[in-house]
Amino acid sequence: MGEYWYLWALIIILIPVTVYVCYRASKAAKQNKEEREKIIAKLDDMKALKDEFGSLSAEQIKQADETRLLEGVALNTELKLQKCENANEDFDNLSLGEKNAYVLSCILEDSVDGVSSFFKKNTPPISPLAPSALKEADMDGLAEIFAEAYEMYDENNESVSLDYDRLKELDEKFKSLFNADEYKKTAARYIKRNAADFAE
């Protein structure tokens, strides 16, 4: 046995490595399963939204669940734009209400990490409309934050450059004001006030 001491030493070294590798593999498998479950849940929710809001009358809009109306209307718009050859051009042809609701849904989806996150993920024609869409929906506090941030991201505005310290402040200010449930309800009230823009 003394002749093979180095083999035993190698085995002793490899045991914790093997345990670590198995642990990482198990963790990765768990994460993959969780990610798959999230994707499936998201797809199920999208199907439910499509079924619920696929065809809307003004009366249905006025009676719709405020917590789901924004996402339902936005999904309809998204599906409509996906069928188009030129999404940007067809976006311009949407009613003002449809544009604003779609932009409001993008803000909800893409501002998890703050206002800067939204502008990193969105470009014209979506990004320039964010401040006015928020203002139209009576979210003036958020509109001011987005207006200031947009000036920094607007490539045509040479008088204002990116100020990362100020962006961090705006991100924190946004997070302190933003409440997803209240946001959805406020956006839904805007949609209901402008039901004629969405009714088919």
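Residues numbered from 1 in each chain as written. Predicted model: local features only at pLDDT ≥ 70, side-chain atom pairs only at ≥ 80, totals over all residues. Heavy atoms only, no water.

## Description of the overall build of the protein chain
For the protein chain, the helix and strand inventory stands at 10 helices and zero strands. In the protein chain, the succession of helices and strands from N to C terminus is α-α-α-α-α-α-α-α-α-α. Within the protein chain, the fraction of its 200 residues that count as buried is 35%. On the protein chain, roughly 12,800 Å² of surface is accessible, and the fraction owed to carbon and sulfur atoms is 53%. (Helix = DSSP H or I, 4+ residues; strand = E, 2+ residues; numbered from the N terminus. Buried < 20%, exposed > 50% of the residue type's maximum accessible area, 1.4 Å probe, protein only. Areas by Shrake-Rupley, 256 points an atom, 1.4 Å probe, with all protein chains shown as cover.)

## Overview of the confidence of the model for the protein chain
Residues at a pLDDT of 70 or more form 74% of the protein chain, whose mean pLDDT is 83. Mean pLDDT across the elements of the protein chain ranges from a minimum in helix H1 (residues 5-53), with 62, to a maximum in helix H7 (residues 130-136), with 98. (pLDDT = per-residue confidence, 0-100.)

## Considering the layout of surface pockets
A water-sized probe, rolled over the atoms, reveals where empty space remains. Counted as a void, the second largest pocket has a volume near 290 Å³. Among the secondary structure elements, those contributing two or more residues to the lining of the second largest pocket are H1 and helix H3 (69-82). With five residues, H3 is the single largest residue contributor to the lining of the second largest pocket. When its residues are assigned to classes, the lining of the second largest pocket shows six nonpolar, four polar and six charged. (1 Å grid on protein atoms, 1.4 Å probe; cavity = no way out; pocket = protein on both sides within 12 Å on 5 of 7 lines; lining within 4 Å. Points joined across faces, edges and corners; volume = space filled by probe spheres on them. Nonpolar A, V, L, I, M, F, W, Y, C, P; charged D, E, K, R; others polar.)

## Looking at the nonpolar core
Leu104, Ile107, Leu134, Phe146, Tyr183 and Ile191 are the most contacted members of the largest nonpolar core, which has 44 residues in total. Sequence-distant contacts of Phe146, defined by excluding residues within four places in its chain, comprise Ile107, Ser111, Val115, Phe118, Phe119, Ala130, Pro131, Leu134 and Phe174. (Core = buried A, V, L, I, M, F, W, Y, C linked by side-chain atoms within 4.5 Å. Contact = heavy atoms within 4.5 Å.)

## Digging into H3
The end-to-end C-alpha distance of H3, which contains 14 residues, comes to 20 Å, matching closely the 20 Å that a straight helix rising 1.5 Å per residue would cover. Leu69, Leu70, Gly72, Val73, Ala74, Leu75, Asn76, Thr77 and Leu81 are the residues of H3 that are buried. (Expected span 1.5 Å × (residues − 1).)

## Re the packing of helix H8 (residues 140-153) against helix H9 (residues 164-177)
Helix packing geometry: the angle between the two helix axes and the distance between the axes. Their axes nearest at 10 Å, the elements H8 and H9 cross at an angle of 155°. The orientation of H8 relative to H9 falls into the category roughly antiparallel. Crossing of H8 over H9 shows left-handed handedness. Contacts between H8 and H9 involve Gly141, Leu142, Ile145, Phe146, Glu148, Ala149, Met152 and Tyr153 from the former and Arg166, Leu167, Leu170, Lys173, Phe174 and Leu177 from the latter. (Axes fitted to C-alpha atoms, helices over the stretch in contact; angles between N-to-C directions. Parallel < 35°, antiparallel > 145°, perpendicular 65-115°, else oblique. Left-handed = near helix turned anticlockwise from the far one by under 90°.)

## Topic: the side chain of Asp110
When you line up the elements, Asp110 lands in helix H5 (residues 96-110). Buried Asp110, no salt bridge; nearest opposite-charge side chain is Lys121, N-O distance 4.6 Å. Polar side-chain contacts of Asp110 include one of 3.0 Å to the side chain of Asn122. When sequence neighbours within four positions are dropped, the list of residues in contact with Asp110 reads Ser117, Phe118, Lys121 and Asn122. (Lys, Arg positive; Asp, Glu negative; His and termini not counted. Salt bridge = Lys/Arg side-chain N within 4 Å of Asp/Glu carboxyl O. Polar contact = N/O pair within 3.5 Å; in protein donor to acceptor, adjacent residues only side chain to side chain.)

## Notes on the environment of Lys185
Here Lys185 is to be found in helix H10 (residues 180-193). When the C-alpha atoms of Lys185 and Arg68 are compared, they prove to be 8.5 Å apart, with 117 residues separating the residues in sequence.

## Remarks on the side chain of Ser116
Locating Ser116 in the fold gives a position in helix H6 (residues 115-121). Residues contacting Ser116, with those up to four places away along its chain left out, are Tyr153, Leu167 and Asp171.

## Quick look at the packing of aromatic side chains
Where two aromatic rings form a pair, the distance of their centres and the angle of their planes describe that pair. A complete count under the given rule lists nine aromatic pairs for this structure. Here Phe119 and Tyr153 contribute two aromatic rings whose centre-to-centre distance is 5.5 Å and whose plane-to-plane angle is 15°, an arrangement assigned as stacked. Taken together, the residues span a long stretch of sequence, with Phe119 in helix H6 and Tyr153 in helix H8 at a distance of 34 residues. Tyr153 sits in the partly exposed class, given a relative accessible area of 22%. An aromatic cluster of at least three residues, connected via ring pairs, comprises Phe118, Phe119, Phe146, Tyr150, Tyr153, Phe174, Phe178 and Tyr183. (Phe/Tyr/Trp six-rings, centres within 6.5 Å; stacked < 30°, edge-to-face > 60°.)

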